Amino acid sequence: MNRYRSHNCNQLRKGDIGKKINLSGWINKKRDHGNILFVDLRDNYGITQCIISKDNKNFNELEKIQLESVVQINGEVVDRSKDTINKDIKTGEIEIKIESFKVLGSCKELPLPVFSDQEYAEEIRLKYRFLDLRRKKIHENIILRSKIISFIREEMNKLGFLEFQTPILTSSSPEGARDFLVPSRLNPGKFYALPQAPQQFKQMIMVSGFDKYFQIAPCFRDEDARSDRSPGEFYQLDLEMSFVEQDDVFEVVEKLLVNTFKKFSNKKLLFEKFPKITFSESMLRYGTDKPDLRNPLVIQDITEIFLRDDVSFEIFKKLIKSGSKARCIVTKDTKNKPRSFFDGIDKWAKDQGSSGLAYFTVEKDKDFFAKGPIGKFFSLNAIKEIMKKTGAKEGDSIFFSCGKKTELEKITSLARNKIADELGLIDENVFAFCWIVDYPMFEQDENDNKIKFSHNPFSMPQGDLSKLNYDKPLEILAYQYDIVCNGIELSSGAIRNHIPELMYKLFSIAGYDKKRVDEKFSGMINALSFGAPPHGGIAPGIDRIVMLLANEKNIREVTMFPMNQNAQDLMMNAPSEVKEEQLKELSLSLKLKK
RNA sequence: GGGGGUGUAGCUCAGUUGGUUAGAGCGAUCGCCUGUCACGCGAUAGGUCGAGGGUUCGAGUCCCUUCACUCCCGCCA
């Protein structure tokens, strides 16, 4: 009870009838019957119907008030007759007989309706985000986000993790994404960078002996947006543990995610013990390192088939001789699908920039035969061999693609999703988690053939460290892992390399000499030289977890104040120009491109 | 940086083969209405058809350029 309200708008029930109360909230909706006026009053908690009739001296004034104005209503809780009960709201058995009211915050004409299920252009939603956030769906998403974060904090505390903050102004790192830079006034010509992740700090925390750390950490990366990637900033559940191996990290994270997803969603978990898929297996079977395991389709390599003399599909044969591979996707029992289904997939593949998807369907007359545009290129024995190799049965169709490894992976991965979509094979009521493990330590850049770190340069290589074959760096695997859920990369992590000599060695393979490593990672290398514990961790993306649990396809639907695709905040007008004096103070001058 | 989609009233959208004065619903304003809960009924106001250029007797509609938003590719250790 305070001067504004005695109850909230979701509180009053039959038992409160007769009470004199006051409520404060927004006018969600008015229904004006001329001599009687219904006002739906809304606050964070719910809606209460209030009613006023012409004989009240305040009637005419209330009738004129704009929707979304904030008012305080004083009145009495009264019963509703049976036929006027509203079962859709918790307070639907009662209503408030208005005695007097007061406008606490008036509202201009609205640029977008608040009370409506309609969808609106994002531009206007982002500009008036404070109005958009009043709307039911997104209001609930943001509340869900808060609850999920609280829950995660509690769970982490229970598991013995300590929460620490790490600096927001730090140094630029040469690896990874583009940095956001902040000029230093006191150090002219020098810049801070916003952290892409608290990676080095959390390792320092381990070196400092704190054993288990976590943080709901803001991360800043100046990269272009996607529907599941906010431009600029996002949050990770950053965590790190000392004296652990990969499986210790897995155990903690699996427990946390299973608990969280069970608590906040009714969808089923396909696996409570997340399957572990090696990076190379994932690239072959799914064409990507973030496979959607709800999708039962798999990709198989059948390059050899096209080397047979009784297969005369010359286009593929020629490509394969020049180093291409052939892979296929088998769809179960699709012989009765119309020609348009197959041609549609083929056309779609061409639209994706590939040379299309060849296909045939295995049918049986006296014996098996391949029906479809390329069926005639395969002998009976070849068809039988394909069936044996791929597990295809009569009535199944097989889609083929041929190309260089990388492009082949890309198109088959997309095709796997596309075909499953077309066939309705994805169960939307399921979460399918998996671990992707055994990432290669290095990869070769396709453009300049240079050896680069494939993931995180601070990861620990696998195997007997004294016997690592540095002459074949591409064969070195790392204790590096990702969590994927429904095809979305939720997090990546690693057991870290805590041995400075090994670090120098690995960096030298990626083209960094000792001097450069000392320069760029001085803090880190220095720290590891003073007694560092073996340690490792991971950093699940909070926004994406909330997105999955809120059943949203766009990250902005679970972000309170997101920027648009061009990294602009339309509500706050950021980024914006600054005064000449501010630039001067920072020793900066602008050289804008025309 | 590249490709796709969208852009018409405050909001959501329709607008035929290029053809009269560009429409609807919601919202706004005014009026009527005592039981609605997407209340109902009547009227009024509200338009640089994203912008610029072109073709044409005539352009919301066709062509070119450009801008904004969005989705995707690149990028994201």
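Residues numbered from 1 in each chain as written. Chains lettered and ligands numbered in written order. Predicted model: local features only at pLDDT ≥ 70, side-chain atom pairs only at ≥ 80, totals over all residues. Heavy atoms only, no water.

1. Quick notes on the overall build of chain A
Going by this rule: The numbering of helices and of strands both runs from the N terminus, where a helix is a DSSP run of H or I of at least 4 residues and a strand a run of E of at least 2. A 1.4 Å probe rolled over the protein chains alone gives each residue an accessible area, and that area as a share of the maximum for its type sets the label: buried under 20%, exposed over 50%, partly exposed in between. Residue burial considers only the protein chains on display, and all accessible areas are found by Shrake-Rupley using a 1.4 Å probe. Positive charges are assigned to Lys and Arg, negative charges to Asp and Glu, while His and the chain termini are left out of the count. We put the charge of a Lys on NZ, of an Arg on CZ, of an Asp on CG and of a Glu on CD.
Along the backbone of chain A there are 16 helices and 24 strands. Looking at chain A as a whole, 48% of its 594 residues qualify as buried. Working note: accessible area of chain A is about 31,300 Å², and carbon and sulfur atoms make up 49% of it. In chain A, the 92 positive side-chain charges and the 87 negative ones have mean positions that sit 2 Å from each other.

2. Comments concerning the packing of helix H6 (residues 246–264) against helix H15 (residues 542–549)
Here is the rule: Each axis is a line fitted through C-alpha atoms, taken for helices only over the stretch in contact, and angles between the N-to-C directions span 0 to 180 degrees. Working rule for handedness: look at the near helix, and if it is turned counterclockwise from the far one by less than a right angle, call the crossing left-handed; if clockwise, right-handed. We call two residues contacting when some pair of their heavy atoms lies within 4.5 Å.
Across the interface, H6 lies against H15 with an axial gap of 10 Å and an inter-helix angle of 35°. For H6 against H15, the interelement crossing comes out right-handed. Here H6 contributes Leu257, Thr260, Phe261 and Phe264 to the contact with H15, which in turn contributes Ile545, Leu548 and Leu549.

3. Some thoughts on helix H10 (residues 380–390)
Convention followed: By definition, the arc is the one covered by directions from the helix axis to the C-beta atoms.
Taken residue by residue, H10 has Ala382, Ile383, Ile386, Met387 and Thr390 as its buried positions. Seen from one end, H10 has its buried residues packed into an arc of 140°, which puts them on one side. The exposed residues of H10 that point more than 90 degrees off its buried face are Asn381 and Lys388. Tucked inside the fold, the buried residues of H10 contact strand S13 (299–301), strand S14 (325–331), strand S15 (358–364), strand S16 (368–371) and strand S17 (397–403). Backbone geometry just downstream of H10 places glycine 391 in the positive-phi region, at approximately 80°.

4. Brief notes about the sheet that holds strand S5 (residues 94–105)
Short version of the rule: Two strands are counted as paired when DSSP detects at least two bridges linking them.
Here five strands make up a closed barrel; going around it, the order is S1-S2-S3-S5-S4 and the pairing mixed. The mean inter-strand angle of the sheet, taken between neighbouring strand axes irrespective of direction, is 55°. Sheet topology note: the strand S1 (residues 20–32)/strand S2 (residues 36–42) ladder contains six bridges and is antiparallel. Bridge pairing in S2 links arginine 31 to phenylalanine 38.

5. Topic: the environment of serine 379
Going by this rule: Polar contacts, as used here, are pairs of N or O atoms within 3.5 Å; protein pairs need one atom able to donate a hydrogen and one able to accept it. Residues neighboring in sequence count only if both atoms are side-chain atoms.
Among the secondary structure elements, serine 379 is positioned in the loop between S16 and H10. Taking the relative accessible area as the measure of exposure, serine 379 reaches 22% and is therefore partly exposed. In this structure the C-alpha to C-alpha distance between serine 379 and aspartate 309, which are 70 residues apart in sequence, comes to 9.4 Å. Within the local environment of serine 379, its side chain forms a polar contact with the side chain of aspartate 310, the two groups lying 2.5 Å apart.

6. Looking at the packing of helix H4 (residues 136–158) against H6
The test is simple: Residues are sorted three ways: Asp, Glu, Lys and Arg are charged, Ala, Val, Leu, Ile, Met, Phe, Trp, Tyr, Cys and Pro are nonpolar, and all the rest, Gly among them, are polar.
At a closest axis distance of 11 Å, the pairing of H4 and H6 adopts a crossing angle of 145°. Seen from above, H4 lies across H6 with right-handed handedness. For the pair formed by H4 and H6, the contact residues are Leu144, Lys147, Ile148, Phe151, Ile152, Glu155 and Met156 on the first element and Leu256, Asn259, Thr260, Lys263 and Phe264 on the second. A breakdown of the residues in the contact of H4 with H6 according to their chemical character gives seven nonpolar, two polar and three charged.

7. Notes on the sheet that holds S13
If you walk across this open sheet you meet the five strands as S13-S14-S17-S15-S16, and the pairing is antiparallel. One side of each edge strand has no neighbouring strand; the edge strands of this open sheet are S13 and S16. With strand direction ignored, the average angle separating the axes of adjacent strands in the sheet is 30°. Pairing analysis gives seven bridges linking S14 to S17, with the strands arranged antiparallel. The partner of cysteine 328 across the bridge, within S17, is phenylalanine 400.

8. Side note on the confidence of the model for chain A
Rule in force here: Confidence scores labelled pLDDT are given residue by residue by the predictor and lie between 0 and 100.
For chain A, per-residue confidence averages 93 on the pLDDT scale, and residues scoring 70 or more make up 100% of the total. Considering each helix and strand of chain A separately, the mean pLDDT is smallest for helix H9 (residues 339–351), with a value of 83, and largest for strand S6 (residues 162–163), with 98. As a predicted assembly, this complex carries a pTM of 0.93 together with an ipTM value of 0.91.

9. With respect to the pattern of salt bridges
Going by this rule: The term salt bridge refers to a pairing of a side-chain nitrogen on Lys or Arg with a carboxyl oxygen on Asp or Glu at a separation within 4 Å.
One pass over the full model with this rule turns up 38 salt bridges. A salt bridge links glutamate 557 to arginine 125, with the shortest nitrogen-to-oxygen separation between them at 3.0 Å. With glutamate 557 in the loop between H15 and helix H16 (580–585) and arginine 125 in helix H2 (residues 122–127), this residue pair connects regions lying 432 residues apart in the sequence. With respect to class, glutamate 557 is no different from arginine 125; both count as buried. Of the charged contacts in the structure, one is a salt bridge between arginine 544 and aspartate 228, with a shortest N-O distance of 3.8 Å.

10. Section: the pairing of strand S24 (residues 535–538)
The side-chain alternation of S24 yields two buried faces, one formed by His535 and Gly537 and the other by Gly536 and Ile538. Both strand S10 (residues 232–242) and S24 contribute to a ladder of four bridges, which runs antiparallel. Looking at the pairing, serine 242 lines up with histidine 535 of S24. Sheet analysis places strand S23 (residues 488–495) next to S24, joined by three bridges and oriented antiparallel. What sits directly across from isoleucine 495, in S24, is glycine 536.

11. Concerning the nonpolar core
Put simply, the rule is: As used in this record, nonpolar core signifies buried Ala, Val, Leu, Ile, Met, Phe, Trp, Tyr and Cys residues forming a set joined through side-chain atoms within 4.5 Å.
Of all hydrophobic cores here, the largest spans 66 residues; its most connected members are Leu237, Leu239, Phe261, Phe433 and Trp435. Considering every element that reaches this core, the biggest residue donor is H6, with nine residues. Beyond its immediate sequence surroundings of up to four residues, leucine 239 is in contact with Met156, Phe161, Lys202, Tyr213, Phe214, Val253, Gly537 and Ile538. Among the nonpolar cores identified, the runner-up in size contains 25 residues, and Ala358, Phe360, Phe368 and Ile398 belong to it.

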